[in-house]
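Overview (structure and organization)
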Amino acid sequence: MSLPPSTTNVVPSAVFQAVNCRRSYSKVTAFAPTRAELLPLVGAAARVADHGALRPWRLLELRGEALERLGAAFVAASACQGSEAVKLAGKPLRAPLLIAVVAVRRASDKVADWEQDASAAGVAHLLTLLLDDAGWGAMWRTGPFVRAAAVRAVHGLADNEELLGWLYVGGIPADCKPGVRLSIDPVEFLEVL
């Protein structure tokens, strides 16, 4: 009979280090992973918890002109005009690659929609960790237009699909400041019943 590993005096694993040092990159460079570089990362992210093996998600690459179409959809979904509209249209251009995270709600008697959405969100989070491990900066962004009709249309969403946001992906700037996140006291968040 084997005993569980002790958590005292153990050097943290690479997975622990990656999760513990996770951060978002609000600014990235103009370089982005190629489709060929993304595919193995997406394959690994697909290992997310997925009750019923429904794979209730899909990802969309947005680059170049697709980013401009998304910016136009933001403007169409807003009441912005003039310089405010120009600024809003430029938001998707803050990164050379956006990966749209789409929850695909599949008909199931056993797996509720919220659980399928959680699986899709898990794919997005794992993908940010994998991108970081591969040397890329990423930030998951949402915003007020994520559910707007014009934005749904740009992504070609079906009735059973919801956009959960976009991973903005690019190179990590050389002058990037360290990420700052306040530590928590885990005792406050891990309760016992």
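Refer to the structure above for everything that follows.
What you see is a predicted model, and the numbers here were worked out from it, not measured in a lab. (Residues numbered from 1 in each chain as written. Predicted model: local features only at pLDDT ≥ 70, side-chain atom pairs only at ≥ 80, totals over all residues. Heavy atoms only, no water.)

1. Quick word on the side chain of E161
Positionally, E161 belongs in strand β4 (residues 161–171). On the accessibility criterion, E161 (7% relative accessible area) is buried. There is a polar contact of 2.7 Å between the side chain of E161 and the side chain of R58. Looking at E161, its side chain comes within polar contact range of the main-chain nitrogen of A158, at 2.8 Å. Residues contacting E161, with those up to four places away along its chain left out, are R58, V102, A103, V104, R152 and G156. (Helix = DSSP H or I, 4+ residues; strand = E, 2+ residues; numbered from the N terminus. Buried < 20%, exposed > 50% of the residue type's maximum accessible area, 1.4 Å probe, protein only. Polar contact = N/O pair within 3.5 Å; in protein donor to acceptor, adjacent residues only side chain to side chain. Contact = heavy atoms within 4.5 Å.)

2. Description of the sheet that holds β4
With antiparallel pairing, four strands are arranged side by side in an open sheet as β1-β2-β4-β3. Each of the sheet's edge strands pairs with one partner strand only, and the pair in question is β1 (57–62) and β3 (136–141). Here the average twist between neighbouring strands, direction ignored, is 25°. Pairing between strand β2 (residues 97–104) and β4: eight bridges, direction antiparallel. Residue A103 lies in a different strand from β4, and its bridge partner there is E162. (Pairing = 2+ DSSP bridges. Axes fitted to C-alpha atoms, helices over the stretch in contact; angles between N-to-C directions.)

3. Focus: the side chain of T128
Structurally, the position occupied by T128 is in helix α5 (residues 113–133). The exposure class of T128 is buried, given its relative accessible area of 10%. Side-chain polar atoms of T128 contact the backbone oxygen of H125, separated by 2.6 Å. Setting aside chain neighbours within four positions, we find T128 in contact with A138 and L167.

4. A look at the pattern of salt bridges
Close approach of charged atoms lets side chains of opposite charge pair. Scanning the entire structure with this criterion turns up seven salt bridges. A salt bridge links E61 to R63, with the nearest nitrogen and oxygen atoms 2.9 Å apart. A relative accessible area of 29% means that R63 is categorised as partly exposed. Of the charged contacts, one joins R69 and E65 as a salt bridge, the two residues approaching to 3.0 Å between their closest N and O atoms. In this pair, R69 and E65 are both assigned in helix α3 (residues 65–77), four residues apart and thus about one turn of the helix distant. What makes R69 partly exposed here is its relative accessible area of 40%. What emerges from the salt-bridge pattern is a single network uniting R35, E61 and R63. (Salt bridge = Lys/Arg side-chain N within 4 Å of Asp/Glu carboxyl O.)

Treat this as a map of the structure, not an account of what it does.
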